[in-house]
Amino acid sequence: MTELKSRLARLLLKLSYKEGDFTLTSGKKSDYYFDCKQTALHAEGGYLIGRLFVEMLKDYDVQGVGGMTLGADPLVSAVTVVSYLEGCPLPGFIIRKQSKGHGTNQYLEGLANFSEGDKVVLLEDVCTTGGTLITAAERVRDAGLVIAGVLAVLDREEGGRERLKEAGMELNAIFTRQELLTAGK
């Protein structure tokens, strides 16, 4: 897995990591920006993220994965495909930012693949304050699923892990910023 992590780090640094002066979704200022979608939508990048997340998911007893649109869409797809190819198929779901407003008026897409009480892991591209994940978790719990943990590509180490812990969720990340910079060399 070390080689896969190194390959992913190099791609993330090339496609997703930018240094400069940025304002994040949380409103915080940062000296770097991490746009994971650029790597997650790259053929090799999506595969590597899927493989690493599937490996991490072996530590969980879950029936599937999901995450908030748009950042988690390629992550969920990567995990569902890679898990199938590796003989441990996990279905996925996507959480809408707004309910459908028609039909079933639901927040989650893909629920037909789950039963009430199923354990799931939330996937996230980058965790800063954890606010998006806490909102996502509320919608997942309201849909009758149980959250067993959270996996992220990058933990910015800016309070998100602690805030998630207070909300009853454990965060595991493929990289922190320093780990990413070190692994990508």
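For clarity, every value in this text was computed on a predicted model and none was experimentally measured.

Enquirer: How should helix α4 (residues 73-85) be read in this particular structure?
Expert: The end-to-end C-alpha distance of α4 is 19 Å, a good match for the 18 Å that 13 residues give at a rise of 1.5 Å each. The set of residues buried in α4 consists of Asp73, Pro74, Leu75, Val76, Ala78, Val79, Val82 and Ser83. For α4, the elements touching its buried residues are α2 (37-40), α3 (43-57), β3 (64-68), β4 (92-95), β6 (119-127) and β7 (146-155). Of the residues flanking the end of α4, it is Gly87, one or two places downstream, whose phi is positive at about 80°.

Enquirer: Would you take a moment to explain the pattern of salt bridges for this structure?
Expert: Should their charged atoms come close, side chains of opposite charge can pair. Applying the stated rule across the entire model yields eleven salt bridges. Among the ionic pairs, Arg10 bridges to Glu3, the shortest N-O distance being 3.7 Å. The exposure class assigned to Glu3 is partly exposed, which follows from its relative accessible area of 48%. Where Glu109 meets Arg96, a salt bridge forms, and the shortest distance between an N and an O atom there is 2.9 Å. Within this pair, whereas Glu109 is found in strand β5 (residues 108-109), its partner Arg96 is found in the loop between β4 and β5, the two being separated by 13 residues in sequence.

Enquirer: Please explain the nonpolar core as it appears in this structure.
Expert: For soluble globular proteins, nonpolar side chains are generally found buried alongside one another. Core analysis: the biggest nonpolar cluster contains 35 residues, and Phe34, Phe53, Leu57 and Leu123 have the highest contact counts within it. Sorting the residues of this core by element identifies α1 (2-15), β2 (29-34), α3, α4, β6, β7 and β8 (171-176) as the ones contributing at least two each. With seven residues, α3 is the single largest residue contributor to this core. Judged by nonpolar contacts, the second largest core, of 20 residues, contains Ile95, Leu108, Val140 and Ile147.

Rules used throughout
Residues numbered from 1 in each chain as written. Predicted model: local features only at pLDDT ≥ 70, side-chain atom pairs only at ≥ 80, totals over all residues. Heavy atoms only, no water. Helix = DSSP H or I, 4+ residues; strand = E, 2+ residues; numbered from the N terminus. Expected span 1.5 Å × (residues − 1). Buried < 20%, exposed > 50% of the residue type's maximum accessible area, 1.4 Å probe, protein only. Contact = heavy atoms within 4.5 Å. Salt bridge = Lys/Arg side-chain N within 4 Å of Asp/Glu carboxyl O. Core = buried A, V, L, I, M, F, W, Y, C linked by side-chain atoms within 4.5 Å.

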